[in-house]
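Observations on chain architecture
Spelled out, the chains give:
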Amino acid sequence: MPTRTDRGEADLASLPLREDLRGRTPYGAPQSGRAGVGAAVQLNVNENPYPPSPELVADLAAAVAVAAGSLNRYPDREALGLRSDLATYLSARTGVPLDVPQLWAANGSNEVLQQVCQAFGGPGRVALGFEPSYSMHPLLAAGTNTGWVSERRAVDFTVSAAAAVDAVERHRPAVTFLTTPNNPTGTVTGLDVVDAVCAATAGVVVVDEAYAEFAAAPSAITLLERHPRLLVSRTMSKAFALAGARVGYLAASADVVDVLRLVRLPYHLSAVTQVVARTALAHTAELLGTVEQVKAQRNRIATELRTLGLTVVPTESNFALFGPWPDPAATWQALLDRGVLVRDLSSTPGLAGWLRVNAGTETETTRLIDAVTDVVRAGAFVG
Ligand SMILES: Cc1ncc(COP(=O)(O)O)c(C=O)c1O
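Overview of the structure. (Residues numbered from 1 in each chain as written. Predicted model: local features only at pLDDT ≥ 70, side-chain atom pairs only at ≥ 80, totals over all residues. Heavy atoms only, no water.)

**Brief notes about the packing of helix α3 (residues 80–94) against helix α9 (residues 271–282)**
Relative orientation of the contacting elements α3 and α9 amounts to 25 degrees, with a least axis distance of 9 Å. Classified by the angle between their axes, α3 and α9 sit roughly parallel to one another. Note that α3 runs across α9; the crossing there is left-handed. Two secondary-structure elements touch here, α3 through G81, L82, D85, L86 and Y89 and α9 through Q274, A277, R278 and L281. A breakdown of the residues in the contact of α3 with α9 according to their chemical character gives five nonpolar, two polar and two charged. (Axes fitted to C-alpha atoms, helices over the stretch in contact; angles between N-to-C directions. Helix = DSSP H or I, 4+ residues; strand = E, 2+ residues; numbered from the N terminus. Parallel < 35°, antiparallel > 145°, perpendicular 65-115°, else oblique. Left-handed = near helix turned anticlockwise from the far one by under 90°. Contact = heavy atoms within 4.5 Å. Nonpolar A, V, L, I, M, F, W, Y, C, P; charged D, E, K, R; others polar.)

Next comes the structure, spelled out in structure tokens:
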């Protein structure tokens with residue numbers, strides 16, 4: 001149901017809202033079937049298109065049934081079992097030995113990042129981002145009363161070490177966000193940039209690796225030992241295909257994790273969430289098996305749309321930015337009319353003309369490619 005803030009109405013004046021939140025719009029990609037947008041093929045919020053297998057569903061149901069028997073009790077406040085499983089997963093994946101005190105988990109990486117802003121941002125401090133990037137970073141800064149400063153990425157949507165260090169020296173941020181692969185561009189940021197920013201700042205550096213499993217690039221986790229103020233956030237929403245469970249996590253120094261405990265709500269991760277995440281982690285091989293399929297469809301999207309004469313930004317994620325469209329809103333609607341929901345990012349500064357789409361199953365991706373082909377042939381794109 002659309003709300004007043006969704007509609008951007010100004011009739012909230014009578015509420016004693018914080019002045020710095022007045023006039024802001026909440027995060028909100030259209031949800032198919034839920035906000036008046038109906039589409040057979042939903043490729044607009046970078047989800048993994050593969051639902052849990054029947055075996056995993058059965059294991060999840062059994063694990064939740066066991067947890068249900070003690071829901072009268074609060075969950076493990078420190079989520080030690082889950083953090084141990086996450087440490088094992090990340091160590092195996094990156095080759096970096098990690099212990100439980102270096103891992104933190106919360107309800108989606110959004111909550112992890114909010115806790116980071118609560119602990120290290122706040123009034124009188126600023127967070128820095130390199131935009132266009134993930135739109136929640138400035139919203140999380142705003143929600144925690146942290147100032148937001150941003151620098152524009154280069155025309156190819158990359159960030160160089162020199163530009164990043166220059167920005168850090170000018171803004172002196174308490175929190176610097178580096179997103180790699182970056183949403184919504186799909187571009188990666190090299191470890192040389194992370195290294196240089198860590199060396200240049202007195203604040204914390206958050207490398208948001210929500211899409212890391214889809215990339216060939218090495219993880220910033222390999223730099224943790226060198227940089228005590230480096231934080232690497234990850235999520236189970238993408239490669240693990242677990243967006244509905246809301247599980248995000250972070251690897252950092254034990255001191256950073258300790259500090260986050262000051263701002264987390266008591267028992268923030270429900271017993272059900274913990275058990276669901278641990279069950280999914282026990283199926284890591286199966287779940288990450290979808291990553292190769294998703295990458296294949298992502299590569300197919302890039303190849304096919306380029307053949308149509310479109311530009312597709314080089315991507316190491318599960319989505320691609322494509323365009324530029326002379327009338328992106330009309331193209332978005334034309335694709336929706338053909339049953340495919342993509343993301344219109346054209347009102348974002350630096351993204352005029354661009355649409356973003358995530359890889360679907362092979363069938364969904366075929367529907368997308370057919371729809372875009374149709375729209376291009378109808379003359380919507382002038383290359
Ligand atoms: C770059 C980036 N970071 C973090 C997130 C948040 O993911 P979640 O809260 O589902 O873990 C997203 C979601 O799309 C994202 O694109």
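**Details of the sheet that holds strand β7 (residues 230–235)**
The strand order across the open sheet formed by seven strands is β2-β8-β7-β6-β5-β3-β4, and the pairing between neighbours is mixed. What marks the edges here is a single partner per strand, and that holds for β2 (103–106) and β4 (147–152). Adjacent strand axes in the sheet meet at a mean angle of 25 degrees when their direction is disregarded. For β2 and strand β8 (residues 248–251), the ladder comprises four bridges, and the chain directions are antiparallel. In the sheet register, W104 faces β8, and the bridge partner there is L250. Packing against the sheet, α3 makes contact with β2, β7 and β8, and its axis sits at approximately 120 degrees to β2. Across the sheet, helix α7 (residues 191–200) lies against β5 (175–179), β6 (204–208) and β7, angled at about 180 degrees from β5, the strand it touches most. (Pairing = 2+ DSSP bridges.)

**Focus: the side chain of S91**
Within the secondary structure, S91 sits in helix α3. Among residues more than four places away in sequence, those in contact with S91 are V96, P97 and L98.

**Considerations on the packing of helix α11 (residues 328–337) against helix α12 (residues 362–377)**
Between α11 and α12, the least distance of the axes is 9 Å, while the angle of their chain directions is 130 degrees. Taken together, the axes of α11 and α12 are oblique relative to one another. α12 is crossed by α11, and the crossing has right-handed handedness. In this structure, α11 uses T331, A334 and L335 to contact α12, whose residues at the interface are A371, V372 and V375. Of the residues assigned to the contact of α11 with α12, the class counts are five nonpolar, one polar and no charged.

**Topic: the nonpolar core**
Counting 79 residues, the largest nonpolar core has L230, M236, Y249, F322 and V372 as its most contacted members. Ranked by residues supplied to this core, first place goes to helix α10 (residues 284–307) with seven residues. Other than its neighbours up to four places away in sequence, L230 contacts V194, C198, V205, V207, A220, L223, L224, A251, A252 and S253. (Core = buried A, V, L, I, M, F, W, Y, C linked by side-chain atoms within 4.5 Å. Buried < 20%, exposed > 50% of the residue type's maximum accessible area, 1.4 Å probe, protein only.)

**A short note on the pattern of salt bridges**
Per the counting criterion, the structure on display carries 14 salt bridges. For R261, the salt bridge goes to D258, with nearest N and O atoms at 2.7 Å. Between K295 and E292 there is a salt bridge, with the nearest N and O atoms lying 3.3 Å from each other. Of this pair, K295 and E292 both sit in helix α10, three residues apart, which is roughly one turn of the helix. Put simply, E78, R83, D258, R261 and R264 are held in one network by salt bridges that share partners. (Salt bridge = Lys/Arg side-chain N within 4 Å of Asp/Glu carboxyl O.)

**Structural notes on the site of the ligand**
The environment of the ligand is made up of 13 residues, and the closest members are S109, D208, Y211, T235 and S237. D208 is positioned such that a nitrogen or oxygen atom in its side chain is 2.7 Å from a nitrogen atom of the ligand. Within the contact set of the ligand, an oxygen atom lies 2.9 Å away from a side-chain nitrogen or oxygen of K238. In isolation the ligand offers 400 Å² of accessible surface; the protein chains occlude 94% of this area. When residues of the shell around the ligand are assigned to their parent elements, the largest contribution, three residues, is made by helix α4 (residues 108–120). The residue makeup of the shell around the ligand, split by class, is three nonpolar, seven polar and three charged. (Near = heavy atom within 4 Å. Polar contact = N/O pair within 3.5 Å; in protein donor to acceptor, adjacent residues only side chain to side chain. Areas by Shrake-Rupley, 256 points an atom, 1.4 Å probe, with all protein chains shown as cover.)

**Details of the sheet that holds strand β9 (residues 311–312)**
Strand order in the open sheet made by the four strands is β9-β10-β13-β12, with antiparallel pairing throughout. The sheet is open, and its two borders are formed by β9 and β12 (343–344), each paired with just one other strand. Bridge analysis of strand β10 (residues 319–323) against strand β13 (residues 355–358) gives four bridges, and the strand direction is antiparallel. Bridge assignment links A320 to a residue of β13, and that residue is V357.

Interpretation note: all reported values are geometric properties and have no functional meaning in isolation.
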